Amino acid sequence: VIVITTKEVQKMMSTDPKMKLEVKMKLDVVCIPEDTDMGTADALRHIQQKIKTDILVMSCDLITDAALHEVVDLFRAHNSTLAMMMSKAHEFTETVPGQKGKKKTAEQRDFVGVDESGKRLLFMANEADLEEGLSIRKSIMRKHPRMHIKTGLVDAHLYCLKKSVVDFLAENKSISSIRGELVPYLVRKQFSKAANSQTTKDEADEQSQKHKDGNVNLDLHILSRDEPLLQLAQDYSCWNDHRGDMSDAYHGGTLRCYVHIMEQGLCYRVNTLAAYIEANRLAPKLFEEPAVHPSAVVSERCLIGSDSIIGAGGQIAEKTSIKRSTIGNSVTVKEKVKVTNSIVMHGVTIEEGCNIQGSVICSNAVIGRGADLKYCLVGNGQRIEPEAERTNEVIVGSDQLMEI
Amino acid sequence: MADSGVTDGAERKEDITRVKNEGKELSKEEKQRLRKEKKSQKKNKEKKDEQDALASEREKNCAPSTLSQPAAHKEPAASPPVQAAVSEPPAPAAGAPPADKPAKSKAELKAERRARQETERASKPGKKGDPGPQSTAGKPKAPPSELQPVVKRLPEHVQVDNPEVLKKLAKKLERQQIPLRSDYGYKVSLFSHLHQYSRKAPLTQQLSIPSTVIHPVIVRLGLQYSQGIVAGSNARSVALLHAFKQVIRDYVTPPNEELSRDMVNKLKPYISFLNQCRPLSASMGNAIKYIKKEISNIPSQCKEEEAKTKLQACIDRYIREKIVLAAKAISKYAIEKISDGDVILVYGCSSLVNHILCEASEKRRKFRVIVVDSRPRLEGREALRRLVKHGISCTYVLISALSYVLPEVSKVFLGAHALLANGYVMSRVGTSQIALVAKAFNVPVLVCCETYKFCERVQTDSFVSNELDDPDDLMVTRKGKTQLEGWQQVSQLGLLNLVYDVTPPDFVDLVITDLGMIPCTSVPVVLRVKNVDQ
């Protein structure tokens, strides 16, 4: 298992005791310098030497209970170039601290086109890329007359890729993001003229000319892997993936992209604050370990709801009430504190009489006595003065940049 | 084990003197004595019961015949009944010395005899090729000795309703670190001895990603088999050999091991895995036998790279000779039988028959084809597509319209999954019906089959060894309604989705193989010739 991350995160990982005990995989951490703005595809290119077989790429901010074999089976069974996972998007109901006004989500819609069975990926584009409107090539319509276009899907950023794609990336340095560029490119390439032996009429895709060099390379990579014996087996086999027209299985194409759309189960990409908060709410249901860590010192007269998590080494004093919250490790909570709907990270000290609602308090912060925080975002190591009353604010130091 | 052997020899001398007196009772007495011996030894020794029973079973087998048969794994199935028989003789007989036989009462003797009969009855279907009941003492059978040099057969008898066999299978899979696939749904009682899996519960669910125990190519192949993406006897064999080529390519001999022995051991778990995904076909079995033989024939001084390239060349040659060139030869013979103006009936999608018809149309023969299809697979649609693509004019009917269509038909071409040693043709379910009705209409039935699909198995009905497909395939949705949706809740309802059936040789007029056109009854001759060659 190869983990690509920055040096800071690697340091944090090596000091975290939980990582050492609970993570059973053998991790090979590769650091990339922090200043460079590396996209996901660039990161793959960086470790190209280490990759010797087909790979499964996932981002570390994915929380899901999906059965991975469904995605990988699509990849294996159809000998596809790409298999990915998507799930139905949820509306986030929690109020996000520090945000003023609603965010427009309409621009970030993804249009995903799948065939009748719901497995083969025919079309993928982001609304931002489509200026004039949605245009679909005739070649796609001819081969797959029934296509379902879905917009309410969220990409889980879990991809199964063939090794030839990684080799292609190594040669084609213009692609920098898997999600944004590589996947739409591969989906388009399924039906392009070069990959198929059939002639197609409509080729109004200027981008294919730009990638002409890429075309040649990708063709070399893809066509060489369809060995003659495999082709023979496919010819002998009495199976076809579609019926109704006169063409062979997969329409004779060698490049195939598949998607597994999760109907049930949870799938969160916690790269936005809203998603992070939502995931934390559901965290107690995910873990089998008890909500209150055994090493936490919890006094008797405090009310801790069943949907809260208290981390290791926490000290909760009397008469505190903790509801629907996640408290991290080594947190000190003094008396008469009310914590509701919040996330309190490691090493935070909350003095007496505080009232914290709907907030996110980052590591090593100190909340002074009697403070009243509603829907606030408190940065790392900040100090909130006693008797402060903040609502819907982002409290960060001047040297820190916080992205919401 | 050594002890019982010694006492065995001593007892045999005593028995020989009693031969004239007691005739048939002889071997049974011997068995009685053996059992008593064993009982007394059990009390002294502290070994497990099973081992003794096994040992004694093996000894009993070895005793009458001089052959040392490999203990088939059917024997443990016989051992529990033996155990029951052993525990039956009452306690006083246990401690008694072997010569104290007359002290037993008649009732006890009767009980023992009944138990022995049960044992023999239970062990008979399990032991094929074994010397059979002990009464045929000392006669080494000719077929076993002839089959001895041939590589051991793959087990054909699936006994899912026998918990002992299932336990053994589970243990074997656990040893090889392969997950066990569980059966699904209610099985019709006549076929309860076969496995029935659901396509929605693939074996890969229980495998880790990436699979460390099984080569990824094999996992992919198993998945393709279980989902039906690679279907058809030839396709499965070719895909299997391709996968083995890749396995051989990636194989590295561990230190202190010999390639010829270790590679065969490596292949065993893969074969069990593929068997779990979908039961192996006869053609696949023959291909595996061939590969194992080739691997074990590699000289030990051969270097690894050389050995690997040699094996890959062997595989290529096998495919070229047995499949591709055989298809060419068969189509050459078959085209002689196709005349202008013929109406040819085909069933389902057989790669060989399609190949013959396409070649015939290229040779400018004028004929038309009637494609007969059947649910739930509806493979005929694929055959129809391929034939029409070649420009052959076709008609498409379902099997229920067979007798309506047959008066116009001049010949029937059938493909085969395997040809059995007694001349029966094993093919897709429905083939025997076609042959039967064609015989009634006096239409010649020609079966096309390559010789590598000939199999030494003998079967006269479709029950004893078959394959059960996913019963949910029988559900069909018309106008939004699926009538059989809740079939599992109805207690009296069972869905049966058979895959194969056997056609008797009286319905088949000719078998076209790459060796020529032979009658169905000559199949055992071909098999014998093949064995002698090897």
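None of the values given here were measured: they were computed from a predicted structure.

Caption draft 1: Representation of the overall build of chain A within the structure. Counting secondary structure elements, chain A contains 11 helices and 29 strands. Residue burial in chain A is summarised as follows: out of 404 residues, 46% are buried.

Caption draft 2: Main features of the overall build of chain B. Helix and strand content of chain B: 18 helices and 12 strands. Partitioning the contacts of chain B with sequence separation of at least 6, the portion at a separation of at least 24 is 77%. With the model as given, the accessible surface of chain B reaches about 25,900 Å², and the carbon-plus-sulfur share is 54%.

Caption draft 3: Local environment of the packing of helix α10 (residues 233–250) of chain B against helix α13 (residues 304–337) of chain B. Residues and elements named next belong to chain B. Packing of α10 against α13 brings their axes to within 9 Å, and their N-to-C directions diverge by 170°. Accordingly, the angle class assigned to the pair α10 and α13 is roughly antiparallel. Residues N234, V238, L241, F244, K245, I248 and R249 of α10 lie in contact with α13, whose contacting residues are K308, L311, Q312, I315, D316, Y318, I319 and I323. Among the residues forming the contact of α10 with α13, the class breakdown is 9 nonpolar, 2 polar and 4 charged.

Caption draft 4: Fine view of a positive patch on the surface. Residues and elements named next belong to chain B. A surface patch of like charges, here positive, comprises K168, K171, K172, R175 and K268. In terms of residue count, the dominant contributor to the positive patch is helix α8 (residues 163–175) (4 residues). Mapped onto the secondary structure, R175 falls in helix α8.

Caption draft 5: Structural detail: the pairing of strand β6 (residues 425–428) of chain B. Residue and element names in this part refer to chain B. Note that strand β5 (residues 418–419) and β6 share 2 bridges and pair antiparallel. In the sheet register, L419 faces β6, and the bridge partner there is V425. Counted between consecutive antiparallel strands, the loop separating β5 from β6 contains 5 residues, among which G423 sits at a positive phi close to 90°.

Caption draft 6: Molecular detail of the environment of Y318 of chain B. Residue and element names in this part refer to chain B. Within the fold, Y318 resides in helix α13. For Y318, a relative accessible area of 5% translates into the label buried. Taking C-alpha positions, Y318 is 30 Å from L468, a pair spaced 150 residues apart along the chain. If sequence neighbours within four positions are ignored, Y318 has contacts with L241, N286, A287, Y290, I323 and Y452.

Caption draft 7: Structural view of the state of the cysteines. Per the stated rule, a full pass over the model turns up 0 disulfides over all chains. The closest cysteine sulfur to the non-disulfide-bonded C160 of chain A is located on C257 of chain A, 12 Å from its own sulfur.

Caption draft 8: Region of interest: the pairing of strand β11 (residues 510–513) of chain B. Here β11 of chain B shows no split at all, with L510 and I512 of chain B on one side and V511 and T513 of chain B on the other all buried. In this antiparallel pair of consecutive strands, β11 of chain B and strand β12 (residues 516–518) of chain B, the connection spans 2 residues.

Caption draft 9: Expanded view of the interface of chain A and chain B. Across the boundary between the two partners, chain A contributes 29 residues, which contact 34 residues of chain B. Between chain A and chain B, a total of about 2,800 Å² is buried, with carbon and sulfur atoms accounting for 60% of that surface. When the buried surface of chain A facing chain B is broken down by residue, R76, Y236 and C238 of chain A rank first, second and third, together holding 29% of it. The interface formed by chain A and chain B contains 3 salt bridges. When the shortest N-O distance is used, the salt bridge between R385 of chain B and D248 of chain A registers 3.1 Å.

Caption draft 10: Structural detail: the side chain of S237 of chain B. All names here are of chain B. Counting through the fold element by element, S237 comes out in helix α10. Residue S237 is classed as buried on the basis of its relative accessible area of 1%. Aside from chain neighbours lying at most four places away, what touches S237 is S283, M284 and Y452.

Caption draft 11: How the structure looks around helix α7 (residues 178–189) of chain A. Residues and elements named next belong to chain A. The buried count for α7 comes to 9 of 12 residues, which makes it a mostly enclosed element. Listed in full, the buried residues belonging to α7 are I178, R179, L182, V183, P184, Y185, L186, V187 and K189. With a side-chain oxygen positioned 3.4 Å from the backbone nitrogen of R179, the residue opening α7 is S177.

Caption draft 12: Representation of the side chain of D373 of chain B within the structure. Residue and element names in this part refer to chain B. In this fold, D373 is placed in strand β2 (residues 367–373). For the buried D373, no salt bridge exists, and the shortest N-O distance to an oppositely charged side chain is 5.1 Å, to R381. Polar contacts involving the side chain of D373 include one to the side chain of Y396, which spans 2.4 Å. Dropping the residues within four chain positions of it, D373 is found in contact with Y347, L378, E379, G380, R381, Y396, V397, L398 and I399.

Caption draft 13: Inspection of the sheet that holds strand β19 (residues 338–340) of chain A at higher detail. Residue and element names in this part refer to chain A. Pairing in this open sheet of 6 strands is parallel, and the strands run β13-β16-β19-β22-β25-β28 from one edge to the other. Only two strands of the sheet have a single neighbouring strand rather than two, namely β13 (303–304) and β28 (389–391). Sheet topology note: the strand β22 (residues 355–357)/strand β25 (residues 372–374) ladder contains 3 bridges and is parallel. Bridge pairing links N355 to D372 in β25.

Caption draft 14: Summary view of the packing of helix α9 (residues 216–227) of chain B against α10 of chain B. All names here are of chain B. Orientation of α9 relative to α10, taken along the N-to-C sense of each, is 165°, at an axis distance of 9 Å. As judged from the angle between their axes, α9 and α10 are roughly antiparallel. For the pair α9 and α10, the crossing hand works out as left-handed. Note on element contacts: α10 touches α9 through R236, A239, L240, A243, F244, Q246 and V247, opposite V217, I218, L221 and Y225.

Caption draft 15: Spatial organisation of the sheet that holds strand β10 (residues 257–262) of chain A. Residue and element names in this part refer to chain A. Read across the sheet, 4 strands follow the order β3-β9-β5-β10 without closing on themselves; strand pairing throughout is mixed. Looking at which strands have only one partner, the edges of the open sheet turn out to be β3 (55–58) and β10. With strand direction ignored, the average angle separating the axes of adjacent strands in the sheet is 25°. The sheet contact formed by β3 and strand β9 (residues 153–161) spans 4 bridges and is antiparallel.

Caption draft 16: Up close: the pattern of salt bridges. Applying the stated criterion to the full structure yields 38 salt bridges over all chains. Between D54 of chain A and R220 of chain B there is a salt bridge; the shortest N-O distance is 3.9 Å. One end of the pair, D54 of chain A, is in the loop between α3 (40–46) and β3; the other, R220 of chain B, is in helix α9, on a second chain. Residue class for D54 of chain A comes out partly exposed when judged on its relative accessible area of 32%.

Caption draft 17: Inspection of a nonpolar patch on the surface at higher detail. Nonpolar side chains collect at one region of the surface, where V1, M25 and L27 of chain A lie side by side and expose about 280 Å² of accessible area between them. Residue classification places V1 of chain A among the exposed residues on the basis of a relative accessible area of 53%.

What counts, and at which threshold
- Residues numbered from 1 in each chain as written.
- Chains lettered and ligands numbered in written order.
- Predicted model: local features only at pLDDT ≥ 70, side-chain atom pairs only at ≥ 80, totals over all residues.
- Heavy atoms only, no water.
- Helix = DSSP H or I, 4+ residues; strand = E, 2+ residues; numbered from the N terminus.
- Buried < 20%, exposed > 50% of the residue type's maximum accessible area, 1.4 Å probe, protein only.
- Contact = heavy atoms within 4.5 Å.
- Areas by Shrake-Rupley, 256 points an atom, 1.4 Å probe, with all protein chains shown as cover.
- Axes fitted to C-alpha atoms, helices over the stretch in contact; angles between N-to-C directions.
- Parallel < 35°, antiparallel > 145°, perpendicular 65-115°, else oblique.
- Nonpolar A, V, L, I, M, F, W, Y, C, P; charged D, E, K, R; others polar.
- Patch = residues over 30% accessible without salt bridge, like charges linked within 9 Å, V, L, I, M, F, W, Y side chains within 5 Å.
- Salt bridge = Lys/Arg side-chain N within 4 Å of Asp/Glu carboxyl O.
- Lys, Arg positive; Asp, Glu negative; His and termini not counted.
- Charge placed at Lys NZ, Arg CZ, Asp CG, Glu CD.
- Pairing = 2+ DSSP bridges.
- Disulfide = S-S within 2.5 Å.
- Buried area = accessible area lost by both parts, 1.4 Å probe.
- Polar contact = N/O pair within 3.5 Å; in protein donor to acceptor, adjacent residues only side chain to side chain.
- Left-handed = near helix turned anticlockwise from the far one by under 90°.

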